[in-house]
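Take a look at the letters that make up each chain.
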Amino acid sequence: MINHDLTEGNVTKSLLYFAAPMILGNLLQQCYNIADTWVVGKFVGAQALAAVGSSYALMTFLNSLLIGLCMGGGAVFSYYIGKGDRARVKTCAQTAFVMIGVLAAALSIAAQCLMHPILLLLRTPEELYGMTRDYLAIVFLGIIFIFLYNYYAFLLRALGNSVTPLYLLGAASVLNIGLDLYFVRNLGWGLQGAAAATVISQAVSGLGLGICVWRKEPYFRFSLHGFLQEEKPVGEICRYSLMTSMQQSVMNFGILMVQSLVNSFGPAVMAAFAATVKIDTFAYMPAQEFGNAYSIFISQNFGAGKAERVKQGTGKAMAVSAVFCGAVSVLVFAFARFLMLIFVDAGESQIIAIGMQYLRIEGAFYIGIGILFLLYGYFRGVNRPGISLVLTVISLGTRVALAYILAAIPTIGVTGIWWAIPIGWALADVTGFVLMRHDNEDSRKGKRRSKT
């Protein structure tokens, strides 16, 4: 497997070269849900599209719990890779596998058992309840495969290998699209067919990546005998993984609460929101994954004690993210109608109009979320994952509170939900920059004291 040392070489090239496969991989991962949305919207109907949209918010929340745990573990792995302590990496990796694997199994069982109260909490309309329940009953079966893929992906990325996860995800994405079309269009299985296609594809990516690591990285093969003998860094893994998982889940829990508010406006708004969230996620997802790559870069260099390289990487990353997000905002604003027509028939004029309004309000401010992803990554990388959680609470707390307040005003209505999003990003960005500057000032003072 191809592993890269992020503590050496040109800063910009190292960041971009390492981030590119991660960005492409996450774009392919979004194809899971994009394919479901497109196939369902075109071949099943608007109500089914609304059901998938409501399910997407819930699945994103549940997935974020696992992805956050794996991401936190990856930060620990990256730190010790930077320090050159490979034995500690193996110890942490085995501990994380057991801890997160047990939690993934428990989450899968809990999701199935609590499906009815969850759908009631989300205020799922009665006419969509049956479709949503049937879809989720199958999709929940893929939770364990989501854990496997993300665990091994973050382990490999910590080692400097962002390419191998891309290959597996690419194969799974192509398979998912093919199965979606076959199950839904050819066999007429409806929502259940789309759900089955997603789970099968997740199994291919998760099990496939696990097999690759087992064959190509024998040093990191799980050994029960070795695991029981090792000094297990449970506290360290818990601190990083739980903090990062809380940050990810708080972020997506806020989205889930917004989904509940959106559901109260009826199927037309739900269908528009289902389409725009997919467009939205696809549009700024490269900035999100670039933030994750930047976090691994920071963690390795922080572990290696290369403070100047951390500073350089931060400046370069901010510039790259700002340029990218600005360009995407212009494109989304200009092509809002065309993007909606990808998911919705031209005759659904009300749904298209609502979606265009969302994209032209929220999509104009992608630079806010792009910078916020980098702030999350910075504080994870310098051993302060709690700050990332604070920024998420500020961003999502503002978004949810404003959304409920503004949406209740008759003259504003659903538009208030859209405006609440960039306002939340802006407040979190300002807070993050203040805390980062405070961090840097403390670091400089510490250096001056050490010299005297």
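One can find the structure itself at the top, above this paragraph.
For clarity, every value in this text was computed on a predicted model and none was experimentally measured.

Draft legend 1. Structural detail: the packing of helix α6 (residues 143-158) against helix α7 (residues 164-186). At a minimum axis distance of 9 Å, the contact between α6 and α7 shows a crossing angle of 150°. Relative to α7, the element α6 is oriented roughly antiparallel. Contact residues: Y149, A153 and L156 in α6; T164, P165 and L169 in α7.

Draft legend 2. Examining helix α14 (residues 349-362) more closely. Its 14 residues give α14 an end-to-end C-alpha distance of 20 Å, which sits within 8% of 20 Å, the value for a rise of 1.5 Å per residue. Those residues of α14 that fall on the buried side of the exposure criterion are I351, I352, I354, G355, M356, Y358, L359, I361 and E362.

Draft legend 3. Spatial organisation of the nonpolar core. Of all hydrophobic cores here, the largest spans 76 residues; its most connected members are V262, M340, Y366, L372, I417 and W418. Looking at which element gives the most residues to this core, the answer is helix α11 (residues 267-303), with 19 residues. Excluding its chain neighbours within four sequence positions, the residues that come into contact with M340 are A272, A275, T276, I279, I351, I352, G355, M356 and L359. Among the nonpolar cores identified, the runner-up in size contains 59 residues, and A51, Y79, Y151 and I237 belong to it.

Draft legend 4. Spotlight on the packing of aromatic side chains. Inspection of the entire model under this criterion finds 18 aromatic pairs. For the pair F147 and Y151, a centre-to-centre distance of 6.0 Å together with 40° between the ring planes defines the contact as tilted. Remark: Y151 and F147 occur in helix α6; sequence separation between them is 4 residues, near one turn of the helix. Like Y151, F147 is buried.

The rules behind these values
- Residues numbered from 1 in each chain as written.
- Predicted model: local features only at pLDDT ≥ 70, side-chain atom pairs only at ≥ 80, totals over all residues.
- Heavy atoms only, no water.
- Axes fitted to C-alpha atoms, helices over the stretch in contact; angles between N-to-C directions.
- Helix = DSSP H or I, 4+ residues; strand = E, 2+ residues; numbered from the N terminus.
- Parallel < 35°, antiparallel > 145°, perpendicular 65-115°, else oblique.
- Contact = heavy atoms within 4.5 Å.
- Expected span 1.5 Å × (residues − 1).
- Buried < 20%, exposed > 50% of the residue type's maximum accessible area, 1.4 Å probe, protein only.
- Core = buried A, V, L, I, M, F, W, Y, C linked by side-chain atoms within 4.5 Å.
- Phe/Tyr/Trp six-rings, centres within 6.5 Å; stacked < 30°, edge-to-face > 60°.

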